[in-house]
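So you can see what is in the structure, the chains are spelled out below.
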Amino acid sequence: MTVPGLPMTVPSRDLPTRVRIHEVGARDGLQNEKATVPTVIKAEFIRRLAGAGLTTIEATSFVHPKWVPQLADAEQLFPVVADLPVALPVLVPNERGLDRALALGARRVAVFASATESFAKANLNRTVDEALAMFEPVVTRAKADAVHVRGYLSMCFGDPWEGGVPIPQVVRVCRALLDMGCDELSLGDTIGVATPGHVVALLAALDEAGIPPATLAVHFHDTYGQALANTLAALQQGVTTIDASAGGLGGCPYAKSATGNLATEDLVWMLRGLGIDTGIDLGRLVATSTWMAAHLGRPSPSRTVRALSHEDTEEH
């Protein structure tokens, strides 16, 4: 239920005053749906997200339709939303994907690497270093065209096949992505196993390696209910870009134990209570996720969406 004045704003001195939310629901969220969402609904979803105040909305992926059929309409979707006054990053797995994105005028792209050999094999059918070699010409060409490049790094905190991932291993791949020209790195807790101490340790190791928090984003999954705690730990270390998914949509199609992303609404509720500005209208965002949940035929997994839209009901 909505109660005026809640959450109360109680700022903390060790936190940033503003955070940029990198919204991934339209890409990372919808790519995991069993049924394909119509292009017109995807476009309206992105427009409503922009209307709620989100300034970075990951629109789609230019991957081969065979691998992610839910995003096979990238060529049809992107031109429909390209007029929005927001950043619209797109995922490009290789040079062919980059060609397709650039042909439509995309100015922000992302590559998707792995910190572990097992996931690199499952996701890209390559070793970690082979994948990096594949991304290098993509990043080089994008930067030559003044296109912003984000590097996603999966399995930073644990891998379903390998277990724990040594921090130096993660640092090495982060360094490689930055050295090839990535502007920003998103650290992925792909199966949601991170805990706050681990987050602090990884960020400290990256900082020591010359990779400061200003270069980083964090991408937490809520498999074990740790996403908000991990986000707070990252904020305390100076990270100011947080990935989140409207309504908590998404997971990872190549990691079966991965559940939904951190819900954007849950993140905004926490940040509002901490006095951290996001520029987001929470009411409009909740309405957007409620609308999308209706199209998907199920309630939103976001606790904040449920609370503010009265989706939770009890049987007596």
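Residues numbered from 1 in each chain as written. Predicted model: local features only at pLDDT ≥ 70, side-chain atom pairs only at ≥ 80, totals over all residues. Heavy atoms only, no water.

- The protein is annotated in an unreviewed UniProt entry as Hydroxymethylglutaryl-CoA lyase from Streptomyces indiaensis.
- Under the Sequence similarities (unreviewed entry) heading, UniProt states for the protein: "Belongs to the HMG-CoA lyase family." (UniProt positions renumbered as here; feature names shortened; annotations may be inferred.)

**Here's the deal with helix H7 (residues 167–179)**
Turning to step 1, where the next piece is worked out: Between its first and last C-alpha atoms H7 spans 18 Å; for 13 residues at 1.5 Å apiece the expected length is 18 Å, and the two agree.
Turning to step 2, where the next piece is worked out: Those residues of H7 hidden inside the fold are in contact with strand E5 (108–114), helix H6 (128–144), strand E6 (148–154), strand E7 (184–189) and helix H8 (196–208).
Turning to step 3, where the next piece is worked out: The positive-phi residue at the C-terminal boundary of H7 is Gly181, with phi of around 125°. (Helix = DSSP H or I, 4+ residues; strand = E, 2+ residues; numbered from the N terminus. Expected span 1.5 Å × (residues − 1). Contact = heavy atoms within 4.5 Å.)

**Focus: a nonpolar patch on the surface**
Turning to step 1, where the next piece is worked out: Together, Val3, Leu6, Met8, Val10 and Trp269 make up an exposed nonpolar region whose accessible area comes to about 460 Å².
Turning to step 2, where the next piece is worked out: Checked against the element boundaries, Trp269 lands in helix H10 (residues 264–273).
Turning to step 3, where the next piece is worked out: Residue classification places Trp269 among the partly exposed residues on the basis of a relative accessible area of 31%. (Patch = residues over 30% accessible without salt bridge, like charges linked within 9 Å, V, L, I, M, F, W, Y side chains within 5 Å. Areas by Shrake-Rupley, 256 points an atom, 1.4 Å probe, with all protein chains shown as cover. Salt bridge = Lys/Arg side-chain N within 4 Å of Asp/Glu carboxyl O. Buried < 20%, exposed > 50% of the residue type's maximum accessible area, 1.4 Å probe, protein only.)

**A word on the nonpolar core**
Turning to step 1, where the next piece is worked out: In terms of nonpolar packing, the biggest core is built from 93 residues, with Ile21, Phe45, Ile46, Val90, Leu153 and Leu177 touching the most fellow members.
Turning to step 2, where the next piece is worked out: Non-local contacts of Leu153, meaning those with residues more than four positions away in its chain, are made with Ala113, Ser114, Ala115, Val170, Val173, Cys174, Leu177, Ser186, Leu187 and Gly188. (Core = buried A, V, L, I, M, F, W, Y, C linked by side-chain atoms within 4.5 Å.)

**Focus on the side chain of Thr190**
Turning to step 1, where the next piece is worked out: Structurally, Thr190 can be placed in the loop between E7 and H8.
Turning to step 2, where the next piece is worked out: The exposure class assigned to Thr190 is buried, which follows from its relative accessible area of 7%.
Turning to step 3, where the next piece is worked out: Within the structure, Thr190 has its side chain in polar contact with the backbone nitrogen of Met155 (distance 2.8 Å). (Polar contact = N/O pair within 3.5 Å; in protein donor to acceptor, adjacent residues only side chain to side chain.)

**A look at the packing of aromatic side chains**
The geometry of an aromatic ring pair is captured by two quantities: the separation of the ring centres and the angle between the planes.
Turning to step 1, where the next piece is worked out: Taken as a whole and judged by the stated rule, the model has two aromatic pairs.
Turning to step 2, where the next piece is worked out: A ring pair is formed by Phe112 and Tyr152, whose centres lie 5.6 Å apart and whose planes are at 35°; its orientation type is tilted. A residue pair is termed long-range when its members are at least 10 positions apart, and Phe112 in strand E5 and Tyr152 in strand E6 qualify at 40 residues.
Turning to step 3, where the next piece is worked out: Ring plane angle 45° and centroid distance 6.0 Å describe the contact between Phe157 and Phe220, whose orientation is recorded as tilted. (Phe/Tyr/Trp six-rings, centres within 6.5 Å; stacked < 30°, edge-to-face > 60°.)

**Points about the environment of Glu265**
Turning to step 1, where the next piece is worked out: Secondary-structure assignment places Glu265 in helix H10.
Turning to step 2, where the next piece is worked out: Note: C-alpha distance between Glu265 and Val305 (40 residues apart in sequence) is 6.6 Å.
Turning to step 3, where the next piece is worked out: What Glu265 contacts, discounting residues up to four positions off in sequence, is Ser245, Ala246, Gly247, Gly248, Leu282, Leu285, Val286, Ser289, Ser302, Thr304 and Val305.
Turning to step 4, where the next piece is worked out: Only 2.8 Å separates the side chain of Glu265 from the backbone nitrogen of Gly247, close enough to count as a polar contact.

**A closer look at unusual backbone geometry**
Turning to step 1, where the next piece is worked out: Cis geometry marks the peptide bond from Leu6 to Pro7, where omega comes out at -5°.
Turning to step 2, where the next piece is worked out: With respect to the helices and strands, Pro7 occurs in the segment before strand E1 (20–23).
Turning to step 3, where the next piece is worked out: For Asn125, which is not glycine, the phi dihedral falls at a positive 55°.
Turning to step 4, where the next piece is worked out: Structurally, Asn125 can be placed in the loop between helix H5 (117–124) and H6.

**Some points on the pairing of strand E8 (residues 216–220)**
Turning to step 1, where the next piece is worked out: Most of E8 is tucked away, with five of its five residues classed as buried.
Turning to step 2, where the next piece is worked out: Side chains Leu216, Val218 and Phe220 project from E8 onto one buried face, and the interleaved Ala217 and His219 project onto a second face that is buried too.
Turning to step 3, where the next piece is worked out: Bridge analysis of E7 against E8 gives five bridges, and the strand direction is parallel. Note on E8: the bridge partner recorded for Ser186 is Ala217.
Turning to step 4, where the next piece is worked out: Traced from E7 through H8 to E8, the parallel crossover comes out right-handed. (Pairing = 2+ DSSP bridges. Right-handed = clockwise from strand over helix to strand, strands pointing away.)

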